[in-house]
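# Structural overview
Single-letter residue listing:
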Amino acid sequence: MEALLESLVKILNSPIIQEELRLLCGIETEIQKLSSLLSTTKAVIEDAEQKQFTDKAIQLWLQKLNLIAYEVDDILDDYATEVSREPKCNNICCNVFHCLPATSNIWFRHRLGARMKKIIGKFDAVADERIKLGLSDQKRGSNHFLVDSTATRETGSLLNEPEQVIGRDEEKDKIVGILVNQVSNNQNVSVLPIVGVGGLGKTTLAQLVFHDKRVIEHFELKLWVWVSEDFDVKRIIKALIESAKGTSAEALGLDPLQRNLQELLRGKRYLVVLDDVWNENREEWENLKSVLECGSRGSFIVTTTRMEKVATIMGTLQTHYLSSLSDNQCWSLFRQRAFGRHEAEEFPNLIAIGKEIVQKCGGVPLAAKALGGFLRFKREETEWNFLKCSEIWNLPQETTHILPALRLSYLNLPVELRGCFAYCAVFPKGSEIKKEEVIHLWMANGLISSNGMMEVEDVGDAVLAELHYRSLFQDVMKDKFGRVLTFKMHDLVHDLAQSKLRHHVYDLMAAASCHHHQRVHKAGGINAEEANTKEQRNEIELKNMQQLTMAFPITSTGIDQFSAFLSKCGSLRALIVRSMWLEGHFTKLPPAVSNLKHLRHLNLSGSDIVELPNSICDLWNLQILNLNDCVKLQSLPKGMRFLRNLRHLCLQDCWRLTRMPSGIGRLTCLRTLSMVVLGGKKGFRPSELRDLNILRRELSIKQLERIEDKKDAEEACLIKKQSLCELYLEWDSERMFQQYNDEELLEALKPCPNLQFLNIEGFKGSSFPSWISTVTNVHVYDSAAEYIVGA
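Residues numbered from 1 in each chain as written. Predicted model: local features only at pLDDT ≥ 70, side-chain atom pairs only at ≥ 80, totals over all residues. Heavy atoms only, no water.

## Describing the overall build of the protein chain
When you go through the protein chain residue by residue, the secondary structure sums to 29 helices and 19 strands. Burial analysis of the protein chain (791 residues in total) assigns 53% to the buried set. Once local pairs closer than 6 in sequence are excluded, the contacts in the protein chain between residues at least 24 apart make up 68%. Carbon and sulfur atoms provide 49% of the accessible area of the protein chain, an area that totals close to 35800 Å². (Helix = DSSP H or I, 4+ residues; strand = E, 2+ residues; numbered from the N terminus. Buried < 20%, exposed > 50% of the residue type's maximum accessible area, 1.4 Å probe, protein only. Contact = heavy atoms within 4.5 Å. Areas by Shrake-Rupley, 256 points an atom, 1.4 Å probe, with all protein chains shown as cover.)

Structure representation (structure tokens):
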């Protein structure tokens, strides 16, 4: 939400928009008022984010605000589209009205003014509500969101019910072995981080280690401090002194406290546990660590944290990533809480249901204990089935404590990252999420934008890395170059994101399975099921579709139904079409797609589409066109050159694509162009690559035999494409009876020295150019000459 509002404020205040809108009589004042309202409302978002968990009215207020923000975005989109469509025409016979710029088009100007006044009226009403709701401007870092949780979260070294801890013996022994056997030669104190999601049992494991007999005998002094979000060095030092002495320390200044602590630690082999650390400031950690570096060799600090970034800052030893419990171990914990010691055998019918409920726990002991405790005095099957069929976020949080424990990870996120995290819940639980796809969806929905120093895609990379460092993403898969390809979310973290997605109102059309067409609408609290009449339901359904910003439609209902659906979705930002090979292939995109003037992201990957309609070239705002794995695609529309804002044209594994239109070289915003197929004089020429110098990752150039001479190849200017990592050069290996010029062409296709991988196929030359030795990884297939590394 904050990211979208921030983006809108920037756009409205940009010099270009201000200059253009000055020409729209009567609109400039409205724009200034709207910009002011956006800024004022944005200031209270942080406070609303914290209070929405316990206040339904604030949840609804955020939903209404979100919808209005998208309406503002629609208006700005319409204006940008109108300007971009202005014909550059010198023909005196054309329709003069249609050649007028947007600011001179009287009809357009009237419509824009009317829409602007209407949206300001809505915004005024919503902005006034913030006062009634008691929302105030909360500055980031004030830690006001900790008040309701710190009292119940504080930890000590003593472990409650140690006999009921299950599944941690092996990890305890591993850590104890490190503490008592490993001595660093380079430093007096070693730091061992323990990392895991909230509720996984980091504190419990640290408590088990702290009270292990081997640890007690090995260390002369053991201290425990619960740190939390407030990494106050003075407070932590005072707490360490109190832990060592067992009594309250005097309220002294920092310097005497530092000296007192060092007197206690000096020359002793000690163990310090810093529990629940969130600090990402390396300097603050160094300030504390410098005080602790006075013990004897073999001293240790064990720190527990949810954030890998914290572990990276603090750790001197390899981080211990806490593992999830098995289903059997979770069942044992659940059974303890739900039945007690011997009662389970009396309810065999509940045992079967209980084992299904345990699947919700995702290996997190807190969840197993909480859900078991929730059912402790419930013995009716209907009560257990209710829990089995319920989502975690719908359970009473005051009794389960699952989401509140995880919610701290969410509230600790910078505001601009929260929407990105919540958005990941649109992907099915347990699925592998493609990094490229989620970043493109963030872009399409205005959740990330360029910050002036970084491209928007790089901002997305940084956001994803940050969420991973905070243990919100896991099972990260990388390619041979170390680039992240996919990641997953822990089931309970996905539940947390899902609970937030409902409040962010990212409308979506979601396919629950490949056999259903299930619509899930979240449009400002509008629910079609609550309508009293069929007419009301239809009206709400239409309104929901008009406000839809993202869709994953199933295509089994047929092209006519799909076309009808698209015609109602004027605000769609992202459209992802998933084919159903069991019930008919998706082979054609209906012309109605051209009505989606706000569309930024169109994903047809994996479909059986043969060609795209030329009407797709009317999507002026389209930034991403994903056609990966469209193995039957044969051609692209002739009007591709009109997609001026296109940044990513993804064509991986489009094996049957035999021709490409000319003019793609005009799309100078392109960052991704997976493949080009060279043609004759009327097709795609190497010279079209000349100005596409910000291409990234990989480029495949096919049908190189169609280049007539070396000069044509040089015009591709591959050496200027410094962000390319992989280059694939392909000739037709079966060509016969012609004079080969492959050697001089390959010489002319010299890439940038940064290239990491080169693949050559169908090369008929007898030798390779000298520049090839600068490429680290070279593969040659179906070629006359064999390339030998170092030759």
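Still more to cover.
## Some details on the sheet that holds strand 3 (residues 270-277)
Strand order in the open sheet formed by five strands is 2-3-4-1-5, and the pairing between neighbours is parallel. Since the sheet does not close on itself, it has two edges, and those belong to strand 2 (221-228) and strand 5 (320-321), each with one partner. As paired elements, strand 1 (residues 189-195) and strand 4 (residues 299-305) share seven bridges and run parallel to each other. Directly across from Ser190, in strand 4, lies its bridge partner Phe300. Lying on the sheet, helix 10 (residues 202-210) is in contact with strand 1, strand 2, strand 3, strand 4 and strand 5; it crosses strand 2 at an angle near 170 degrees. Here helix 14 (residues 282-292) sits on the sheet and contacts strand 1, strand 3 and strand 4; the angle it forms with strand 3, its principal contact strand, is near 165 degrees. (Pairing = 2+ DSSP bridges. Axes fitted to C-alpha atoms, helices over the stretch in contact; angles between N-to-C directions.)

## A word on the pattern of salt bridges
Pairing between side chains of opposite charge can happen when their charged atoms approach one another. With the rule as written, the count across this model stands at 27 salt bridges. Between Glu436 and Arg697 there is a salt bridge whose closest N-O contact spans 3.9 Å. Residue Glu436 is located in helix 23 (residues 435-444), and its partner Arg697 is located in strand 16 (residues 697-702); the two are separated by 261 residues in the primary sequence. Of the charged contacts in the structure, one is a salt bridge between Arg470 and Glu466, with a shortest N-O distance of 2.9 Å. On the basis of relative accessible area, Arg470 is assigned to the buried category, the value being 5%. (Salt bridge = Lys/Arg side-chain N within 4 Å of Asp/Glu carboxyl O.)

## Examining a negative patch on the surface
Taken together, Glu708, Asp709, Glu714, Glu743, Glu744 and Glu747 make up a surface patch of like negative charges. The dominant element in the negative patch, judged by the number of residues it contributes, is helix 29 (residues 742-748), at three residues. Its location among the elements puts Glu714 in helix 28 (residues 710-714). (Patch = residues over 30% accessible without salt bridge, like charges linked within 9 Å, V, L, I, M, F, W, Y side chains within 5 Å. Lys, Arg positive; Asp, Glu negative; His and termini not counted. Charge placed at Lys NZ, Arg CZ, Asp CG, Glu CD.)

## Observations concerning the pairing of strand 7 (residues 474-478)
For strand 7 and strand 8 (residues 484-488), the ladder comprises three bridges, and the chain directions are antiparallel. When the sheet's bridge partners are listed, Met477 is paired in strand 8 with Thr486.

## Some thoughts on the nonpolar core
Counting residues in each nonpolar core, the largest one holds 83 residues, and the members touching the most others are Phe421 and Trp442. Setting aside residues no more than four positions away along its own chain, Trp442 makes contact with Cys420, Tyr423, Cys424, Leu447, Ile448, Gly460, Val463, Leu464 and Leu467. Judged by nonpolar contacts, the second largest core, of 71 residues, contains Leu566, Cys617, Ile701 and Phe768. (Core = buried A, V, L, I, M, F, W, Y, C linked by side-chain atoms within 4.5 Å.)

## Overview of the pairing of strand 8
Pairing geometry for strand 6 (residues 433-434) and strand 8, over two bridges, is antiparallel. Within strand 8, the residue paired with Lys434 across the bridge is Thr486. Hairpin connection of strand 7 to strand 8: five residues between the antiparallel strands, including Gly482 at a positive phi of 85 degrees.

## Topic: the packing of aromatic side chains
Scanning the model with the defined rule gives nine aromatic pairs in all. The interplanar angle of 25 degrees and the centroid separation of 5.7 Å between the aromatic rings of Trp331 and Phe334 together place this pair among those described as stacked. Residue Trp331 and its partner Phe334 are both found in helix 16 (residues 327-339); the two are separated by three residues, about one turn of the helix. For Trp331, a relative accessible area of 10% puts it in the buried group. (Phe/Tyr/Trp six-rings, centres within 6.5 Å; stacked < 30°, edge-to-face > 60°.)

## Topic: helix 24 (residues 456-469)
End to end, helix 24 covers 20 Å across 14 residues, agreeing with the expected 20 Å (1.5 Å per residue, within 8%). Along helix 24, the positions that sit buried rather than exposed are Val456, Glu457, Val459, Gly460, Val463, Leu464, Glu466 and Leu467. Packing partners of the buried residues in helix 24 comprise helix 15 (308-314), helix 22 (415-423), helix 23, strand 8 and strand 13 (648-650). Once helix 24 finishes, Ser471 follows within two positions and takes phi at roughly 65 degrees, a positive value. (Expected span 1.5 Å × (residues − 1).)

## Here's the deal with the sheet that holds strand 15 (residues 675-677)
Pairing is parallel across the open sheet formed by five strands, whose spatial order is 15-16-17-18-19. With partners counted over all chains shown, the strands left at the sheet margins are strand 15 and strand 19 (777-781), one partner each. Taking each pair of neighbouring strands and ignoring which way they run, the sheet shows an average axis angle of 10 degrees. Across three bridges, strand 15 lies against strand 16 in parallel orientation. Bridging across to strand 16, Val677 finds its partner in Lys702.

## Some thoughts on helix 12 (residues 233-245)
When the terminal C-alpha atoms of helix 12 are compared, their 18 Å separation across 13 residues agrees well with the 18 Å that a helix rising 1.5 Å per residue should span. Along helix 12, the residues that are buried comprise Val233, Ile236, Ile237, Leu240 and Ile241. Taken around the axis of helix 12, the buried residues stretch over an arc of 140 degrees, which confines them to a single face. Buried-residue contacts for helix 12 involve strand 2, helix 13 (254-265), strand 3 and helix 14. In this structure Asp232 caps helix 12, since a side-chain oxygen of it lies 3.0 Å from the backbone nitrogen of Lys234. (Arc of directions from axis to C-beta. Polar contact = N/O pair within 3.5 Å; in protein donor to acceptor, adjacent residues only side chain to side chain.)

## Considering the packing of helix 16 against helix 17 (residues 348-357)
Between helix 16 and helix 17, the least distance of the axes is 10 Å, while the angle of their chain directions is 130 degrees. In terms of axis orientation, helix 16 runs oblique to helix 17. For the crossing formed where helix 16 meets helix 17, the hand is right-handed. The segment helix 16 lies against helix 17, with Trp331, Phe334 and Phe339 engaging Leu350, Ile351, Gly354, Lys355 and Ile357. Within the contact of helix 16 with helix 17, the residues separate by chemical class into six nonpolar, one polar and one charged. (Parallel < 35°, antiparallel > 145°, perpendicular 65-115°, else oblique. Left-handed = near helix turned anticlockwise from the far one by under 90°. Nonpolar A, V, L, I, M, F, W, Y, C, P; charged D, E, K, R; others polar.)

## Structural notes on the side chain of Arg483
When you line up the elements, Arg483 lands in the loop between strand 7 and strand 8. A polar atom in the side chain of Arg483 sits 2.5 Å from the side chain of Glu726. When residues no more than four places from it in sequence are discounted, the contact partners of Arg483 are Met477, Lys478, Arg697, Cys725 and Glu726.

## Notes on the confidence of the model for the protein chain
Mean pLDDT over the protein chain: 80, with 79% of residues reaching 70 or higher. Here residues 88-103 scores under 50 on pLDDT; set against residues more than four positions off or in separate chains, the count is 21 contacts. (pLDDT = per-residue confidence, 0-100.)

## Structural notes on unusual backbone geometry
Even without being glycine, Gln703 reaches a positive phi, approximately 60 degrees. Even without being glycine, Cys717 reaches a positive phi, approximately 50 degrees. Here Cys717 shows up in the loop between helix 28 and strand 17 (724-730). The exposure class of Cys717 is buried, given its relative accessible area of 18%.

## Points about the environment of Lys632
In this structure, Lys632 sits in the loop between strand 12 (624-626) and strand 13. With 22 residues separating them in the primary sequence, Lys632 and Cys654 have C-alpha atoms 7.1 Å apart. Ignoring any residue separated from it by four or fewer positions in sequence, one finds Lys632 in contact with Asp608, Ile609, Val610 and Arg656.

## Overview of the state of the cysteines
Simply put, disulfide is the name for a covalent bond between the sulfur atoms of two cysteines. For the structure on display, the rule yields zero disulfides. With no disulfide of its own, Cys420 lies 7.7 Å from the sulfur of Cys424, the closest cysteine sulfur. Looking at Cys420, the relative accessible area reads 0%, which means it is buried. (Disulfide = S-S within 2.5 Å.)

## Re the packing of helix 22 against helix 24
Contact geometry for helix 22 and helix 24: axes closest at 11 Å, N-to-C directions at 80 degrees. Regarding the angle of helix 22 to helix 24, the classification is roughly perpendicular. Packed against helix 22, whose contacting residues are Leu417, Cys420 and Phe421, the element helix 24 presents Val463, Glu466 and Leu467 at the interface. In the contact of helix 22 with helix 24, the residues fall into five nonpolar, no polar and one charged.

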